Amino acid sequence: MNLICNLFSSIFPSLEGDGSNRDREQKIDASMRFAVLGLIKGSVFWLLVASLLGLIVSIKLHKPDYLSDISWMTYGKVYPAFWNALVYGWLFNAGLACVAWIVARLGGRPVGNGPVLAISTVAWNIAAIIGVFGIFKGDQTPYRMLEFPTYAAPFLFASFIGLGIWILLAFKSRAYRSSFASQWYALAGVFCFVWIYTIAQVMIFCMPAQGVFQSVVAAWFGGNLIGLVVAPFALAAIYYIIPKALGQHIVGYRQSGIAFWSWILFSSAAGLASLVNGPFPAWVASVGVTASFGLFLPLTVFSMQFLSSLFASFSKIWDTLSIRYVFYAVVAFIVATSLTIFGSLRGVQEATQFSQFADGVRYLFLVGFAGMAFTGTIYYILPRLLNKEIPNTPLADLQFWVQGLGIFTVTVALVYGGYAHGALLNGSTADTIDILKHTDTYLFLSTIGASIFAVGNFAYAVSFIWILLSPRTEKEKSADLIEAAPELEFPN
Amino acid sequence: MNRGPFIFIGVLIIVSLSWAVTLVKPIQEAGNLSPIGKGEDRIPTRLTGLAEQGREVYQELGCVNCHTQQTLALVGTDVERGWGSRQSMPIDYIDQKVVFTGTNRVGPDLANVGNRRTEADWHYRHFYNPEITSPGSNMPSFAFLFEKREIVGEGSNRALALPEAYAVEEGYEVVPTRKAEALVAYMLGLSQAYEIEEAPAPEKLAFK
């Protein structure tokens, strides 16, 4: 605890000479520049792929003729390809880039093993490409978030082991014995993915459980992939960025332990709530509902910590690009988790079950929370990693508003439209096509949202390529770039 | 919390606990069901060979992303809609190597589609272009499962009888491929229309 206090008391830049710190940080950045940049490149590539697929998916929902002549572009293939590209492509690359960089920076020491990280990154992306192509080819499995064909799974798993080991080694070689909440979440995410992916692969494909129990395992995995892998990576980023970019310690940091363990505990079964009413043992779904309600505890702590910290320096939120993203992510996290909790209520599920409601909540959680947190962190990492300023801040500004608006629109369309659709589907005997006509507006709205989001992503890609290719200015070559704005960079 | 192993063990214990309680325990309790009866009366009924191939087509095309295969009788209006007469039970799925319980209902539930749509012809036309049988549907056309070919001699007896608005030009016919035939056989075979004593059905539920 003493050391954690040190961590925060040292936030005030006057305590330590800026120069030596900057020097050390640059050494750390240099030690992993190539590999982390590789992950970020992968994430931008996959984000573009996912936004294109997402657009196709949403157009197909209200215009079924669109691309329907091509057998490998049928809705049933593009839909899982979209979600898998989004999660295994974009969010894993972006999340691992953030987590690797954060763990190394918090460790306070240059990290070796760059080639391990770089090779694993390449392997991971090849595995994801194989997986997506497998879906298009027709080898998908029917389990949510496990659609990648079975032959892609070993590659995916093996390359994740490489990525995970790098993160563990970076943690192990840290200079300070203390650890910060970001590091806990980073480690937890790595451990959890290895564990849940093994369980899912073994219990569904290697030694398949009987009948419907495969669906139970898949629901468990799907919930955990989001709650125990993607969310911890995003939380690690938020815990890191708020103190670093805002210069504001996490208010109520002492409660982080409670939030951490209760989040892991309740998330680990919350995904089962989606099995309510189906041909599954009823008590398993009840465990899921109870666990979802348990999420109130960590949600409360997170909301208090993040919102208090952000509001403590409210005026800076809009001036600092990374923090703006993190603010959006925090709000999206609170809304999405609340919707998860209330959506698991039996009464609500009676209306929303099997509708787009769940997709909307998932979209908000993955894209609005995790995606925005990662994008904000990457905007923090890039200038430091490359020792260049963001070449065009208005473009990055525009990207934030456009992406934010796109995510908001898609979420509203899917959540509200899903509720309207589900209430009619589960609560009346109206003709299914009439119900569809009734909710057509929302499906159309989600296409508008997906297009807006795609424009934002395009701006992101342009920003990213711009900063990669632009030559360093004289000022940037002098390597004192970050020091010029001390309020934006605080030592460890 | 300052050491990696502590976090590792903590997370391992929690996730393993969740795994043991919510996955291992129910599978041990109820994950080893055997079919009831033999031959014609066997529950669940078996699919034919062609229908089994249709299952693979169903998986390949990702039909599960829009269609569930589970009837709910405890809540909702599945029974009123005629999508089934009772709650789907784990035993209905024990023959299935891969299950398509699904999570989304963009389209209707298919657990009993073989009972309510009994004509193969309807399915063929529906797959060729859903607008023919269900105007306004947002199901995509699966015309790529059909072959348009020149009529030689008398023409095939498997050729689709298309309404005028969707007919192909004179001298040509639309014939289902092997995949379409398998898929339709699967659709016709999808049924849970046998009695299971413990399955909840509306008439058995006093509170409904």
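None of these values were measured; they are calculated from a predicted model.

### Remarks on the interface of chain B and chain A
Link 1 in the chain: Opposite the 65 residues of chain B that make contact, chain A presents 71 residues.
Link 2 in the chain: When contributions to the side of chain B that touches chain A are tallied by element, the ones reaching two or more residues are α1 (4-30) and α2 (49-60) of chain B.
Link 3 in the chain: In the side of chain B that touches chain A, the residues fall into 33 nonpolar, 26 polar and 6 charged.

### Comments concerning the nonpolar core
Residues and elements named next belong to chain A.
Link 1 in the chain: Judged by nonpolar contacts, the single largest core of 217 residues is most densely connected at Ala100, Ala234, Ile238 and Ala329.
Link 2 in the chain: It is helix α7 (residues 213-246) that provides the largest number of residues to this core, a total of 25 residues.
Link 3 in the chain: If we ignore the near neighbours within four places in the chain, the residues touching Ala329 are Ala234, Ile238, Phe369, Met372, Ala373 and Gly376.

### Examining the confidence of the model for chain B
In low-pLDDT regions, the fine details of the predicted coordinates are not to be read closely.
Link 1 in the chain: Taken over all residues, the pLDDT of chain B has a mean of 90, while the share at 70 or more is 97%.
Link 2 in the chain: Scoring of the predicted complex yields 0.93 for pTM and 0.94 for ipTM.

### Observations concerning unusual backbone geometry
Link 1 in the chain: Geometrically, the link from Ile43 of chain B to Pro44 of chain B is a cis peptide bond, its omega value of -5° lying close to zero.
Link 2 in the chain: Counting through the fold element by element, Pro44 of chain B comes out in the loop between α1 and α2.
Link 3 in the chain: Located in the positive-phi region is Asn277 of chain A, a residue other than glycine, with phi close to 70°.
Link 4 in the chain: Its place among the elements puts Asn277 of chain A in the loop between α8 (256-270) and α9 (282-294).
Link 5 in the chain: At Asn387 of chain A, a residue that is not glycine, the phi angle is positive and equals roughly 55°.
Link 6 in the chain: Residue position: Asn387 of chain A is located in the loop between α14 (357-386) and α15 (393-427).

### Side note on the packing of α2 of chain B against helix α6 (residues 178-189) of chain B
All names here are of chain B.
Link 1 in the chain: Contact pair α2 / α6: the axes reach a minimum separation of 7 Å and the direction vectors enclose 105°. By the angle class used here, α2 and α6 are roughly perpendicular. Contact residues: Leu50, Ala51, Gln53, Gly54, Arg55, Val57 and Tyr58 in α2; Lys179, Glu181, Ala182, Leu183, Ala185, Tyr186 and Gly189 in α6.
Link 2 in the chain: Classifying every residue of the contact of α2 with α6 gives 8 nonpolar, 3 polar and 3 charged.

The rules behind these values
- Along each chain, residues carry numbers from 1 onward, in the same order as the chain's sequence is written.
- Chains carry letters from A onward and ligands carry numbers from 1 onward, assigned in written order.
- Whole-chain, interface and lining totals are the exception, using all residues; otherwise, since this is a predicted model, local features are given only for residues with pLDDT of at least 70 and side-chain atom pairs are given and counted only at 80 or more.
- Once C-beta atoms have been placed from the backbone, residue pairs whose C-beta atoms lie within 7 Å are recorded as contacts.
- Per the convention used, a helix needs a DSSP run of H or I reaching at least four residues, while a strand needs a run of E reaching at least two, with both numbered from the N terminus.
- Each residue gets one of three labels, nonpolar for Ala, Val, Leu, Ile, Met, Phe, Trp, Tyr, Cys and Pro, charged for Asp, Glu, Lys and Arg, and polar for the others, Gly among them.
- By convention the nonpolar core is taken to be a set of buried residues drawn from Ala, Val, Leu, Ile, Met, Phe, Trp, Tyr and Cys and joined through C-beta atoms within 7 Å.
- Using C-beta atoms placed from the backbone, we call a residue buried if 20 or more other C-beta atoms fall within 10 Å of its own, exposed if 12 or fewer do, and partly exposed for counts in between.
- Confidence scores here are pLDDT values: one per residue, from the predictor, ranging 0 to 100.
- Structural elements are reduced to axes, namely lines fitted to C-alpha atoms, with helices fitted over the stretch in contact, and the angle between N-to-C directions of any two is expressed from 0 to 180 degrees.
- Under this scheme an angle from 65 to 115 degrees is roughly perpendicular, one under 35 degrees roughly parallel, and one over 145 degrees roughly antiparallel; angles in between are oblique.

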